[in-house]
Amino acid sequence: MALKSLKCTDFRCLRSVELSFGSQNNLIYGPNASGKTSILEAVGYLGRGRSFRGASTQELVRHDADEFVLFGRADNGSREESLGVRNSRAGLEVHTNGEKRNSAAALAEALPLQVIDPDIHSLIAGGPEDRRRYIDWIAFHVEHGYLDRWRRFRRALKQRNAALKSGASRQALSGWDQELAELGIDIDDVRRRMLDITRPALEEYGEALLGSQIDFEYQRGWAGEKTLLEALEGSTERDLQMGSTQPGPHRADIRLRYDERQAKKLVSRGQQKLLACALILAATDVVQTQLERPLLLLLDDPAAELDGDSLARLMGAVANLGSQVIATTLEPDRALFVEPPLLFHVEQGVVERAG
Ligand SMILES: Nc1ncnc2c1ncn2[C@@H]1O[C@H](COP(=O)(O)OP(=O)(O)O)[C@@H](O)[C@H]1O
Ligand SMILES: [Mg+2]
């Protein structure tokens, strides 16, 4: 899935930018605060309907402007898809192929992408939400109907939590338990399978990037040998006290296992970044194989926190993956890539093809 072009109006510091990307490697370079991350963030927003930096949609509108508009064309091998996003006072509007969509999922389907940015180590060092999102991204692309099940689970969870907060009776609560348990088991089952199909790729990228054996250990979000229904029923008192449902797949996490000698080194942010990169590349690889087409990989300042050797290993692994890459750097370093990139220079929010 290659992004062929991007048109971007009033997004962060970008007043009006039009770009045509190459189907393989693209490198955007320019000084600090010139707008490199903004371009990647615009691309990321077009494929996700949200910022990969976690910025609120409102702060992405250029100062002095009322709305931002993004438009892109993607080539998915058999046909071209158009994607459009407008964020105005009226809220977010999403279009794909000229039709209005009611959720960002349509964008994710048309332009599946992954991001490696200087914050990526938080996939390892941060809270479990990013790691759940990581598995769910694979599941969304690989397992038909996963998003629908996940949404139904979220809805039921919200209703049970509202009932808990209003001090509902045990009997009223048990009405939600059945539905939650059924949907929750389903989600759990899909996630487990997703990690199983990703495990060989994780081993491969762990070896390539860290020279280490890495494995996932999935924690499903409720204790012991109990079924989810038993866990929910057993947790009612505690849930009433806490005002929220404790057991369930919304509490799942992934632990990573690696050899002992590696564990000591993994306190460094550079090593955490490599580990996170191994996870991201493994997921990209698996989804590419399932969808039978290359995905888009956004690399914001890939050199950050990495020594020359580690960076070379990362870029070698990226090259083997064969994804479309859009990367940013301070200097136009062509040697970063195995195959020469298309170069774009950015200065004060203005982007031009270079060299
Ligand atoms: N909503 C906005 N409106 C205008 N400028 C913004 C907005 N958000 C961020 N900026 C500015 O955009 C500039 C470029 O940021 P960024 O894309 O992160 O630069 P780079 O990645 O090249 O270092 C920064 O000076 C930042 O202050
Ligand atoms: Mg930046």
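Located above this text is the structure these notes cover.
Structural notes, computed from the coordinates. (Residues numbered from 1 in each chain as written. Chains lettered and ligands numbered in written order. Predicted model: local features only at pLDDT ≥ 70, side-chain atom pairs only at ≥ 80, totals over all residues.)

1. What to know about the overall build of the protein
Consideration 1: Helix and strand counts for the protein stand at 11 helices and 14 strands.
Consideration 2: Rg of the C-alpha trace for the protein: 22 Å, near the compact-globule value of 20 Å for 355 residues, within the 12% margin.
Consideration 3: Along the three orthogonal principal directions, the C-alpha set of the protein runs to about 70 × 55 × 35 Å.
Consideration 4: Across the 355 residues of the protein, 40% fall into the buried class.
Consideration 5: The long-range fraction of contacts in the protein, counting pairs at least 24 apart against all pairs at least 6 apart in sequence, stands at 72%. (Helix = DSSP H or I, 4+ residues; strand = E, 2+ residues; numbered from the N terminus. Rg over C-alpha atoms; globule rule 2.2 N^0.38 Å. Buried ≥ 20, exposed ≤ 12 C-beta atoms within 10 Å, placed from the backbone. Contact = placed C-beta atoms within 7 Å.)

2. Thoughts on the site of ligand 1
Consideration 1: Close to ligand 1 lie 14 residues; C13, A33, K36, T37 and S38 are nearest.
Consideration 2: In terms of residue class, the shell around ligand 1 is made up of three nonpolar, seven polar and four charged. (Near = placed C-beta within 6 Å. Nonpolar A, V, L, I, M, F, W, Y, C, P; charged D, E, K, R; others polar.)

3. Digging into the sheet that holds strand 3 (residues 25-29)
Note on sheets: strands pair through backbone hydrogen bonds, and any given pair is parallel or antiparallel.
Consideration 1: One open sheet accounts for six strands, arranged 8-11-12-3-13-14; its pairing is mixed. The open sheet has two free edges, formed respectively by strand 8 (113-116) and strand 14 (350-354), since each of these has just one partner strand. Between one strand axis and the next, the sheet turns through 20° on average, direction left out of account.
Consideration 2: Two elements, strand 8 and strand 11 (residues 296-300), share four bridges in a ladder whose sense is parallel. (Pairing = 2+ DSSP bridges. Axes fitted to C-alpha atoms, helices over the stretch in contact; angles between N-to-C directions.)

4. A word on helix 1 (residues 36-48)
Consideration 1: The end-to-end C-alpha separation of helix 1 is 18 Å, in line with the 18 Å expected for 13 residues at 1.5 Å each.
Consideration 2: Of all 13 residues making up helix 1, 12 are buried, and the element is well covered by its neighbours.
Consideration 3: Buried within helix 1 we find K36, T37, S38, I39, L40, E41, A42, V43, G44, Y45, L46 and G47.
Consideration 4: Looking one or two residues past helix 1, G49 carries a phi angle of roughly 70°, positive in sign. (Expected span 1.5 Å × (residues − 1).)

5. Re the sheet that holds strand 1 (residues 2-11)
Consideration 1: The six strands are arranged 2-1-4-5-6-7 in an open sheet whose pairing can be described as antiparallel. At either end of the open sheet lies a strand with only one pairing partner, and these are strand 2 (14-20) and strand 7 (99-101). Geometrically, the sheet is characterised by an average inter-axis angle of 15° between neighbouring strands, direction not taken into account.
Consideration 2: Pairing of strand 1 with strand 4 (residues 68-75), which is carried by seven bridges, proceeds in the antiparallel orientation. When the sheet's bridge partners are listed, L6 is paired in strand 4 with G72.
Consideration 3: The sheet contacts of helix 1 involve strand 1, strand 2, strand 4 and strand 5 (80-88), and relative to strand 1 the element is tilted by about 110°.

6. Let's talk about the packing of helix 6 (residues 170-210) against helix 11 (residues 308-321)
Consideration 1: Running from N to C, helix 6 and helix 11 point in directions that differ by 145°, and their axes come no closer than 8 Å. Two secondary-structure elements touch here, helix 6 through Y205, A208 and L209 and helix 11 through R313, L314 and A317.

7. Quick look at the nonpolar core
Consideration 1: In this structure, A42, L111, C277, A278 and L279 are the most contacted members of the largest nonpolar core, which totals 93 residues.
Consideration 2: Setting aside anything within four residues of it in sequence, one finds A278 in contact with L202, Y205, G206, L209, L210 and I214. (Core = buried A, V, L, I, M, F, W, Y, C linked by C-beta atoms within 7 Å.)

8. Observations regarding the environment of V43
Consideration 1: As for its placement among the helices and strands, V43 is situated in helix 1.
Consideration 2: A residue is classified by how many C-beta atoms lie within 10 Å of it, and V43, with 25 of them, is buried.
Consideration 3: Separated by 40 residues in sequence, V43 and L3 place their C-alpha atoms 8.6 Å apart.
Consideration 4: Excluding its chain neighbours within four sequence positions, the residues that come into contact with V43 are L3, L6, L298 and I326.

9. Quick look at the environment of L299
Consideration 1: Here L299 shows up in strand 11.
Consideration 2: Taking the C-alpha atoms as reference points, L299 and A327, separated by 28 residues in sequence, lie 4.4 Å from one another.
Consideration 3: Excluding residues within four positions of it along the chain, L299 makes contact with I116, V325 and A327.

10. Observations regarding helix 11
Consideration 1: Here helix 11 spans 20 Å end to end across 14 residues, near enough to the 20 Å set by a 1.5 Å rise per residue.
Consideration 2: Here helix 11 has its buried residues at L314, M315, A317 and V318. Buried residues of helix 11 fall within an arc of 155° about the axis and therefore sit on the same side. More than 90 degrees from the buried face of helix 11, the exposed residues found are G308 and D309.
Consideration 3: Each element contacted by the buried residues of helix 11 is listed here: helix 6, helix 10 (269-291), strand 11 and strand 12 (324-329).
Consideration 4: Directly beyond the C-terminal end of helix 11, a positive phi value near 75° is found at G322. (Arc of directions from axis to C-beta.)

Any functional reading would require information beyond the geometric quantities listed.
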